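# Structural features, examined
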Amino acid sequence: MIHSKDIWDVIQAKIPREHWVSLKELYEVVKEYGNLDAEDFGPQSPISDIPKWKRNVRNVLQYRKSTGEILWNREARYLLPQTL
């Protein structure tokens, strides 16, 4: 199962800085480069078909927004600043 640090590493390595990207684009990048396994594709809860890894991506984004490491425009678009 992919861990939060690994998700953040993929985002930092594959998302261009100073360029707004959608949540969908972030999902695509993590899916392509995150080395996801079968456990990652399990449902995030008993009443949801959304895979665990997508919930984990959202959790990483939520935390990194709070630290200022990523910006959010309140419309599901994110930006990695050039410098912290």
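Right, let's walk through the structure included here. Not measured: the values here are computed from a predicted model. (Residues numbered from 1 in each chain as written. Predicted model: local features only at pLDDT ≥ 70, side-chain atom pairs only at ≥ 80, totals over all residues. Heavy atoms only, no water.)

## Structural notes on the pattern of salt bridges
This model, assessed by the stated rule, comprises two salt bridges. When the shortest N-O distance is used, the salt bridge between lysine 5 and aspartate 9 registers 2.7 Å. Taken together, the positions of lysine 5 and aspartate 9, both in helix 1 (residues 4-14) and four residues apart, correspond to about one turn of that helix. According to the relative accessible area criterion, lysine 5 is exposed, its value standing at 57%. The shortest N-O distance in the salt bridge between glutamate 69 and arginine 64 comes to 2.9 Å. In this structure, glutamate 69 and arginine 64 share a single accessibility class: buried. (Salt bridge = Lys/Arg side-chain N within 4 Å of Asp/Glu carboxyl O. Helix = DSSP H or I, 4+ residues; strand = E, 2+ residues; numbered from the N terminus. Buried < 20%, exposed > 50% of the residue type's maximum accessible area, 1.4 Å probe, protein only.)

## As for the packing of aromatic side chains
This structure, assessed with the given rule, holds two aromatic pairs. Look at phenylalanine 41 and tryptophan 53: their rings are 6.4 Å apart centre to centre, the planes differ by 65°, and that puts the pair in the edge-to-face class. Linking phenylalanine 41 in the loop between helix 2 (23-33) and strand 2 (43-45) with tryptophan 53 in helix 3 (residues 52-67), this pair joins segments that are 12 residues apart in sequence. Taking relative accessible area as the criterion, tryptophan 53 reaches 3% and is therefore assigned buried. What links up through ring pairs into an aromatic cluster is the set Tyr27, Phe41 and Trp53. One residue, lysine 65, lies across the ring of tryptophan 72, its end atom 3.7 Å from the ring centre. (Phe/Tyr/Trp six-rings, centres within 6.5 Å; stacked < 30°, edge-to-face > 60°. Lys NZ or Arg CZ within 6 Å of the ring centre and 35° of its normal.)

## Some points on the packing of helix 1 against helix 2
Relative to each other, helix 1 and helix 2 sit at 110°, their axes nearing to 10 Å. Regarding the angle of helix 1 to helix 2, the classification is roughly perpendicular. Of helix 2, the residues touching helix 1 (which contributes Ile7, Val10, Ile11 and Lys14) are Leu26, Val29, Val30 and Tyr33. The class makeup of the residues in the contact of helix 1 with helix 2 is seven nonpolar, no polar and one charged. (Axes fitted to C-alpha atoms, helices over the stretch in contact; angles between N-to-C directions. Parallel < 35°, antiparallel > 145°, perpendicular 65-115°, else oblique. Contact = heavy atoms within 4.5 Å. Nonpolar A, V, L, I, M, F, W, Y, C, P; charged D, E, K, R; others polar.)

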